[in-house]
Amino acid sequence: MEFTAKSGNPEKQRTACVVVGVFETRRISTVAEQLDQLSDGFISNLIRRGDMDGKIGQTLLLHSVPNTLCDRILLVGCGRERELHDAQYRQIIAKSATILNEIGAMEAVCYLTELHVKGRDNHWNVRQAVETFADSLYTFEQLKSKKDTTRRPLRKVTLGIASRRDLADSEAAVKEGLAIAHGVTLAKDLGNLPGNICTPSYLADVGMALGKEYNSITTEILEAADMEKLGMGSLLSVARGSREPAKLIIMDYKGGKADEKPIVLVGKGLTFDAGGISLKPAAAMDEMKYDMCGGASVFGTMKAIAELNLPINVIGVVPASENMPDGAANKPGDVVTSMSGQTIEILNTDAEGRLILCDALTYVEKYEPDTVIDIATLTGACVVALGKHASGLLGNHSPLIHDLLNAGKSSGDRVWELPLWEEYQEQIKSPFADIANVGGKEAGTITAACFLSRFTKKFQWAHLDIAGTAWRSGDKKSATGRPVPLLTQYLLDRCANK
Ligand code: BES
Ligand code: MN
Ligand code: ZN
């Protein structure tokens, strides 16, 4: 898909389709007004007759409107003008994208970007439009022998902007939107790939490929033997139950000064979580192929920042493994020794995410990081607590929490903080080891973060639990690519505040 931003009148557009908004109740947007005047009231007549009243998501496709140069005009219901919020804006853009793709327009000029979205500016409108267009037109067809391809797919979208003065800013917004969209697409593809294809070795290849594609990224893969030497007894204990060798994937992006401390992203890359000996129930177990979505978001974010050439140093780390039941697998009651030297009693082998993350978190101490953020589909409890709208956020440094909350608000990829109070640490005491890997049925997301906090004392750290946000269940089951927009926004903000 190609996007450009342009200022100019709708009546001058020689295009397959012009997209304009109509409000409740039957009020038309400034741009639609211009087309209406040109066509001697063609649009207002239709609306007066009741063909459309402007409710959110309503659409009406007009052909050969008198005196216009475009083939079609797509009217899109935008709801109440004063109440156009983020979600409604994304909804109307998504709806337009689907229709434009279906009607075979191939290219279009979309004026919905000129609408006023509450609390947002032109830059936000343009970037969100690009991200939403890409998100709505995403398909995952690579494993079908007969591809369900659109005959004349939408290829080029011009986004209308009200003032020429906003042109440079809009072009920057298009670039950001595209880079994020490419990162999101990579994360979705990796998430949607099944466990038999997307193995730890496959993820390692993806890391290597990013290193090849971008001069700014250098990738290194640690094999089981390397991890053995480092004493990663916790991570390796999870991989022991699987025939797929574990990998620790390290991608070093250098955009800042050589001596500038890096921001480290650590993503859970569990390519299939059967639960291990604490086997999961069969229902919906296929969805545990998505248990590498934290890792996928690290790959996606690395891609986005490399494309944008952000002037910072970022290291992406993905511990990758399967979690399977096997004669060599962890057993409830086993005690393992982590790279940090802390011993862990494994009471439930299904709480494996923290077991692979803890060694990766200890490993990254060597970079003397400015900040570490880990991203993981860590607990079912987080889905219960926050559902699919917000990722869980916990950490040991309140300015970092604050920055992530803000990045969530501005990107629309939202997070919500849960407390990481000392009192919860009680729940992961073990009579046999330094820590237990589970903390009972209360506050599961918090006790998981408590576990990780034992390995993050040397740096500013935040943990994102994306169990509810990384993929959608049901008939439209698919990875979402979250939290690539959040992480990229956080890194963009870090650059802006330098
Ligand atoms: N990958 C799962 C978490 C998960 C479960 C994400 C369901 C999305 C949907 C994780 O490895 C896990 O199994 N966690 C356990 C922890 C428990 C044993 C303390 C869970 O949430 O049930
Ligand atoms: Mn598990
Ligand atoms: Zn898991």
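The shown structure was predicted, so the numbers you read here are calculated from the model rather than taken from an experiment.

### Structural notes on the overall build of the protein
Part 1 of the reasoning: If you tally the helices and strands in the protein, you get 14 helices and 21 strands.
Part 2 of the reasoning: Here the C-alpha radius of gyration of the protein, 25 Å, is about what a compact globule of 498 residues would show, namely 23 Å.
Part 3 of the reasoning: In terms of overall dimensions, the protein has a C-alpha envelope of 85 × 50 × 45 Å along the principal axes.
Part 4 of the reasoning: For the protein, the residues scored as buried account for 57% of the 498 residues in total.
Part 5 of the reasoning: For the protein, the exposed surface amounts to about 20,900 Å²; the carbon and sulfur share of it is 50%.
Part 6 of the reasoning: Once the 56 positive and 62 negative side-chain charges of the protein are each reduced to a mean point, those two points are 5 Å apart.

### Remarks on the sheet that holds strand S18 (residues 435-436)
Part 1 of the reasoning: Here three strands make up an open sheet; going across it, the order is S13-S14-S18 and the pairing mixed. Two strands lie at the open edges of the sheet, namely strand S13 (334-337) and S18, each paired on one side alone.
Part 2 of the reasoning: Two elements, S13 and strand S14 (residues 343-346), share four bridges in a ladder whose sense is antiparallel. Considered in S14, the bridge of Val-336 is made with Ile-344.

### Thoughts on the coordination of the manganese ion (ligand 2)
Part 1 of the reasoning: Protein-derived coordination of the manganese ion (ligand 2) comes from Asp-273 (OD), Asp-350 (O), Asp-350 (OD) and Glu-352 (OE), at a distance range of 2.1 to 2.2 Å.
Part 2 of the reasoning: Its six donor atoms give the manganese ion (ligand 2) angles of 69 to 168° at the centre, a pattern that matches the irregular case.
Part 3 of the reasoning: Between consecutive donor residues of the manganese ion (ligand 2), the sequence gaps follow D-x76-D-x1-E.
Part 4 of the reasoning: The distance between the manganese ion (ligand 2) and the zinc ion (ligand 3) comes to 3.1 Å, and Asp-273 binds to both of them. With Asp-273 in strand S11 (residues 269-273) and Glu-352 in the loop between S14 and helix H10 (353-363), this residue pair connects regions lying 79 residues apart in the sequence.

### What to know about the site of ligand 1
Part 1 of the reasoning: As a structural note, the neighbourhood of ligand 1 is formed by 16 residues, with Lys-280, Asp-291, Asp-350, Glu-352 and Gly-380 the closest of them.
Part 2 of the reasoning: Lys-268 is positioned such that a nitrogen or oxygen atom in its side chain is 3.3 Å from an oxygen atom of ligand 1.
Part 3 of the reasoning: Side-chain polar atom of Asp-291 to a nitrogen atom of ligand 1: 2.8 Å apart, as the coordinates give it.
Part 4 of the reasoning: Alone, ligand 1 offers 510 Å² of accessible surface; in the complex the protein occludes 77% of this.
Part 5 of the reasoning: Grouping the amino acids of the shell around ligand 1 by side-chain chemistry returns five nonpolar, four polar and seven charged.

### Some details on the domain arrangement of the protein
Part 1 of the reasoning: Taken domain by domain, the protein consists of domain 1 (2-154) and domain 2 (181-496).
Part 2 of the reasoning: For domain 1 versus domain 2, the separation of C-alpha centres amounts to 38 Å.
Part 3 of the reasoning: Taken together, the 13 residues of domain 1 in the interface contact 17 residues of domain 2.
Part 4 of the reasoning: Note on domain 1 versus domain 2: buried area summed over both sides is about 1,100 Å², and carbon and sulfur give 47% of it.
Part 5 of the reasoning: Joining domain 1 to domain 2, the criterion identifies one salt bridge.
Part 6 of the reasoning: Between Asp-135 and Lys-188 there is a salt bridge, with its nearest N and O atoms 2.6 Å apart.

### A short note on helix H1 (residues 30-38)
Since there are 3.6 residues in each turn of an α-helix, residues three or four apart along the chain are aligned in direction.
Part 1 of the reasoning: Along H1, the residues that are buried comprise Val-31, Ala-32, Leu-35 and Asp-36. On an axial view of H1, the arc spanned by its buried residues comes to 140°, and they lie on one face. Set apart from the buried face of H1 by more than 90 degrees, the exposed residues are Thr-30 and Gln-37.
Part 2 of the reasoning: Close packing links the buried residues of H1 with strand S2 (18-24), strand S3 (27-28), helix H2 (42-49) and strand S5 (72-80).
Part 3 of the reasoning: Asp-40 sits one or two residues past H1 and shows a positive phi near 55°.

### Examining the state of the cysteines
Note on terminology: disulfide describes a covalent bond linking the sulfur atoms of two cysteines.
Part 1 of the reasoning: Per the stated rule, a full pass over the model turns up zero disulfides.
Part 2 of the reasoning: Considering cysteine sulfurs only, Cys-450 is the nearest to Cys-358, which forms no disulfide, with 14 Å between them.
Part 3 of the reasoning: The buried category is assigned to Cys-358, whose relative accessible area is 0%.

### What to know about the coordination of the zinc ion (ligand 3)
Part 1 of the reasoning: Looking at the metal site, the zinc ion (ligand 3) is ligated by Lys-268 (NZ), Asp-273 (OD), Asp-291 (OD) and Glu-352 (OE), spaced 2.0 to 2.4 Å from it.
Part 2 of the reasoning: One can describe the donor arrangement at the zinc ion (ligand 3) as octahedral, given that its six donor atoms subtend angles of 78 to 176° at the metal.
Part 3 of the reasoning: We note that the donor set of the zinc ion (ligand 3) lies within a single chain, spaced as K-x4-D-x17-D-x60-E.

### Focus on the side chain of Thr-377
Part 1 of the reasoning: Along the chain, Thr-377 turns up in the loop between strand S15 (371-376) and helix H11 (380-386).
Part 2 of the reasoning: One polar contact links Thr-377 to Asp-291, side chain to side chain, over a distance of 2.4 Å.
Part 3 of the reasoning: Setting aside its immediate chain neighbours within four residues, Thr-377 contacts Lys-268, Tyr-290, Asp-291, Cys-293, Asp-465, Ile-466, Ala-467, Ala-470 and Trp-471.

The rules behind these values
Residues numbered from 1 in each chain as written. Chains lettered and ligands numbered in written order. Predicted model: local features only at pLDDT ≥ 70, side-chain atom pairs only at ≥ 80, totals over all residues. Heavy atoms only, no water. Helix = DSSP H or I, 4+ residues; strand = E, 2+ residues; numbered from the N terminus. Rg over C-alpha atoms; globule rule 2.2 N^0.38 Å. Buried < 20%, exposed > 50% of the residue type's maximum accessible area, 1.4 Å probe, protein only. Areas by Shrake-Rupley, 256 points an atom, 1.4 Å probe, with all protein chains shown as cover. Lys, Arg positive; Asp, Glu negative; His and termini not counted. Charge placed at Lys NZ, Arg CZ, Asp CG, Glu CD. Pairing = 2+ DSSP bridges. Donors = N, O, S within 2.8 Å, 3.2 Å for Na, K, Ca; no water. Tetrahedral: all angles 85-135°; square planar, octahedral: opposite > 155°, others 65-115°. Near = heavy atom within 4 Å. Polar contact = N/O pair within 3.5 Å; in protein donor to acceptor, adjacent residues only side chain to side chain. Nonpolar A, V, L, I, M, F, W, Y, C, P; charged D, E, K, R; others polar. Domains from an automatic or database assignment. Contact = heavy atoms within 4.5 Å. Buried area = accessible area lost by both parts, 1.4 Å probe. Salt bridge = Lys/Arg side-chain N within 4 Å of Asp/Glu carboxyl O. Arc of directions from axis to C-beta. Disulfide = S-S within 2.5 Å.

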